[in-house]
Amino acid sequence: MSKPPETKPFVYFDTAPLVQLYLYQANLTEQAQQVFLSAEQIVVSHLCLPEFMGAIRAAVQGKGLKKNVAKRIVSEFRESWTAFLVLDMPASIFEERLSSAKSIPLKPLTRFT
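For every chain, the first residue of the written sequence is number 1, and numbering continues from 1 along that sequence. In view of the model being predicted, local features appear only for residues whose pLDDT reaches at least 70, and side-chain atom pairs are presented and counted only at 80 or more, with totals across whole chains, interfaces and linings using the full set of residues. As a convention, hydrogens and water are excluded, and side-chain values are obtained from all of the structure's heavy atoms.

S.K.: Help me understand the packing of helix 1 (residues 15-23) against helix 4 (residues 67-81), please; the structure alone is not making it clear to me.
M.R.: Angle between the axes and distance between the axes are the two parameters that describe a pair of packed helices. Fitted lines through C-alpha atoms give the axes, limited to the stretch in contact for helices. The angle between two N-to-C directions lies from 0 to 180 degrees. Secondary structure follows DSSP: runs of H or I at least 4 residues long count as helices, runs of E at least 2 residues long count as strands, and numbering of each begins at the N terminus. Between helix 1 and helix 4, the least distance of the axes is 10 Å, while the angle of their chain directions is 125 degrees. In terms of orientation, helix 1 lies oblique with respect to helix 4. Where helix 1 crosses over helix 4, the two elements pack in a sense that is right-handed. Residues Leu 18, Tyr 22 and Leu 23 of helix 1 form the contact with helix 4, whose own contacting residues are Ile 73, Glu 76, Phe 77 and Ser 80. Ten residues, namely Ala, Val, Leu, Ile, Met, Phe, Trp, Tyr, Cys and Pro, are considered nonpolar, four, namely Asp, Glu, Lys and Arg, are considered charged, and the remaining ones, Gly among them, are considered polar. A breakdown of the residues in the contact of helix 1 with helix 4 according to their chemical character gives 5 nonpolar, 1 polar and 1 charged. Angular relationships are summarised with four words: roughly parallel below 35 degrees, roughly antiparallel beyond 145, roughly perpendicular across 65 to 115, and oblique for the angles in between. Each crossing is labelled by how the near helix is turned from the far one, with a counterclockwise turn of less than a right angle marking it left-handed and a clockwise turn marking it right-handed. In this analysis, two residues are considered to be in contact whenever any of their non-hydrogen atoms come within 4.5 Å of each other.

Right, dumping it as structure tokens:
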């Protein structure tokens, strides 16, 4: 009996590990790097692109990332973006979450613990 061909997984990545991968390559865990490189398909949320751009902008403004380095990182990410499987979330889901959040009473913060 022949062995079935080995398949590579589809892997969902949230924005935070992608920022680590592109911005702080040396600090990303070895396991996360292996998962990213071995995945057949990287799956991301459509929110990942604006979140990623915001994180890079914040790194330029607050952490001293040089603009030329930021431009290179954004260019690399945009190139990768075309190969990602981007999950689009219907607006109705956001509306549901917003109405749910509005129904939860908020208590004022009186002290830090």
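That shown, we press on.
S.K.: In this structure, what is going on with the nonpolar core? I would like to understand it.
M.R.: Residue types Ala, Val, Leu, Ile, Met, Phe, Trp, Tyr and Cys, when buried and joined through side-chain atoms within 4.5 Å, form a set referred to as a nonpolar core. Residue burial is assigned from relative accessible area. The probe radius is 1.4 Å, only protein chains are included, and a residue is buried under 20% of its type maximum, exposed over 50%, and partly exposed in between. Within the largest apolar cluster, 23 residues are counted, with the highest numbers of intra-cluster contacts made by Leu 18, Tyr 22, Phe 36, Phe 52, Ile 56, Phe 77 and Phe 84. Of all elements in the fold, only helix 1, strand 2 (41-45), helix 3 (48-62) and helix 4 reach the threshold of two or more residues within this core. Those residues in contact with Phe 84, other than ones at most four positions away along the chain, are Leu 18, Tyr 22, Phe 36, Gln 41, Ile 42, Val 44 and Phe 77.

Geometry only, nothing functional implied.
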